[in-house]
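Commentary on secondary and tertiary structure
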Amino acid sequence: MKRLVINLDRSPDRLAHTTAEFARIGLGFERVAAIDARDHPELMLQRQHPLYAVRRLSGSEIACLHSHRACWTIIAQDDAPYGAVFEDDMVFSAKAGALLADTSWIPADADVVKLETFFHTTVIQRERFSVGGGFSLFRLRKNHIGTGGYLLSRQMARALLEATADVNVAVDSLIFDPAFATSSGKTIYQLVPALCAQEQFVGNRLPSLVEPGREAEWVASGLAGGHRMPALARIRRETRRAARQITDLCRLRRQIVVPLAPVEAND
């Protein structure tokens, strides 16, 4: 299984961080040159996916999508049934090496396995599949943002390439959106505890390169904070939230903030 790391040419500090992390867990990786938004303004001209067009995407988000597409192309053309994709600011669990060196633990029906946690609340199926080493897999039932670390089947890589052939979309909205999975017959798993997380959540030395542009577009679209939601809209939102919680309970689902497995071996 290839382990692909997306890295901008102008981010040698992040490459050094990634090199040290992979050395720490005893594995190698293949660097994939990231698409730089500064060099490809033409990508902004592509239309946005209608299902994910709440706001205009930033140049960095669009470049992020096409950087991931470069990895999907490699996985789609590889002989291995799965490939792993990482962004260059990941911090790994001490036990990451064993899982990333082998694919026998991956369920036969898995199209995507999210290895990362973004420390946001999401929803998983209660049914648990132990994969050893203290890790388990659960079906992911709600979007869990972040594309810092995930496994992708060869078939899923091809499906994602087709879905984004001529449209732009926030990459994490697409890969980890159960609505897309349901409509395309794909199966998404979440690894619990997570195998990795962005360094900004662990050490705060490598800030996100995508978030500033994303925040600027939220402000430009009028969707950022500062616009108080009308009382009736808030009531409707809370009613829908309560209804979803009841539905999840009936469907044997539960909310979770996915924890990160210990980073240090002696934790």
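Residues numbered from 1 in each chain as written. Predicted model: local features only at pLDDT ≥ 70, side-chain atom pairs only at ≥ 80, totals over all residues. Heavy atoms only, no water.

1. Quick look at unusual backbone geometry
Note: most peptide bonds trans; most residues except glycine with negative phi. Pro193 follows Val192 through a cis peptide bond whose omega is -5°. By the secondary structure assignment, Pro193 is in the loop between β12 (188-192) and β13 (196-198). Positive phi outside glycine occurs at Phe119, with the angle close to 60°. Counting through the fold element by element, Phe119 comes out in the loop between β6 (112-114) and β7 (121-125). (Helix = DSSP H or I, 4+ residues; strand = E, 2+ residues; numbered from the N terminus.)

2. Remarks on the environment of Asp88
Turning to its location among the elements, Asp88 is positioned in the loop between β4 (82-87) and β5 (90-92). Spatially, the C-alpha atom of Asp88 lies 8.7 Å from that of Gln198, the residues being 110 residues apart in sequence.

3. So, the sheet that holds strand β8 (residues 129-132)
Spatial ordering of the open sheet is given by β2-β1-β4-β10-β6-β12-β9-β8, a layout of eight strands whose pairing is mixed. The open sheet has two free edges, formed respectively by β2 (30-33) and β8, since each of these has just one partner strand. Between one strand axis and the next, the sheet turns by 25° as a mean value, whatever way the strands run. In terms of strand pairing, strand β9 (residues 135-139) meets β12 through four bridges, oriented antiparallel. Bridged to Ser136 within β12 is Val192. Lying on the sheet, helix α4 (residues 154-163) is in contact with β6 and β10 (149-153); it crosses β10 at an angle near 95°. (Pairing = 2+ DSSP bridges. Axes fitted to C-alpha atoms, helices over the stretch in contact; angles between N-to-C directions. Contact = heavy atoms within 4.5 Å.)

4. Quick look at the pairing of β12
Regular strands have side chains that alternate between both faces of the sheet. Counted residue by residue, β12 has five buried out of five residues, so it is predominantly covered. Of the two faces of β12, the one carrying Ile188, Gln190 and Val192 and the one carrying Tyr189 and Leu191 are both buried. In this structure, β6 lies alongside β12, joined through three bridges in parallel fashion. Across the sheet, Val112 pairs through a bridge with Ile188, a residue of β12. (Buried < 20%, exposed > 50% of the residue type's maximum accessible area, 1.4 Å probe, protein only.)

5. Considerations on the nonpolar core
One finds Trp72, Val112, Tyr150, Leu152, Leu160, Ile175 and Phe176 to be the most contacted residues of the largest nonpolar core, which totals 32 residues. At the level of elements, β1 (2-7), α2 (59-77), β10, α4, α5 (171-175) and β12 are the ones that each hand at least two residues to this core. For this core, the element with the most residues is α2, which contributes six residues. Among the nonpolar cores identified, the runner-up in size contains 26 residues, and Tyr82, Ala84, Phe92 and Val113 belong to it. (Core = buried A, V, L, I, M, F, W, Y, C linked by side-chain atoms within 4.5 Å.)

6. Overview of the packing of aromatic side chains
Enumeration over the complete set of coordinates arrives at eight aromatic pairs. When the centroid spacing of 5.2 Å and the interplanar angle of 80° are considered together, the rings of Phe86 and Phe92 count as edge-to-face. The pair formed by Phe86 and Phe92 is uniform in burial state, with each residue classed as buried. Taking the centre distance of 6.0 Å and the plane angle of 90° together, the rings of Phe129 and Tyr189 count as edge-to-face. Placement of Phe129 in strand β8 and of Tyr189 in strand β12 is noted, with a sequence separation of 60 residues between them. (Phe/Tyr/Trp six-rings, centres within 6.5 Å; stacked < 30°, edge-to-face > 60°.)

7. A look at the packing of α2 against α4
To describe two helices that pack against each other, one gives the angle between their axes and the distance between the axes. Put simply, α2 and α4 touch, their axes get as near as 8 Å, and they point 135° apart. The angle between α2 and α4 falls in the class oblique. In this structure, α2 crosses over α4, and the sense of that crossing is left-handed. Contact residues: Arg69, Trp72, Thr73, Ile75 and Ala76 in α2; Arg154, Ala157, Arg158, Leu160 and Leu161 in α4. Residues that form the contact of α2 with α4 fall into these classes: six nonpolar, one polar and three charged. (Parallel < 35°, antiparallel > 145°, perpendicular 65-115°, else oblique. Left-handed = near helix turned anticlockwise from the far one by under 90°. Nonpolar A, V, L, I, M, F, W, Y, C, P; charged D, E, K, R; others polar.)

8. A look at the side chain of His68
Locating His68 in the fold gives a position in helix α2. Note on His68: relative accessible area 0%, which makes it buried.

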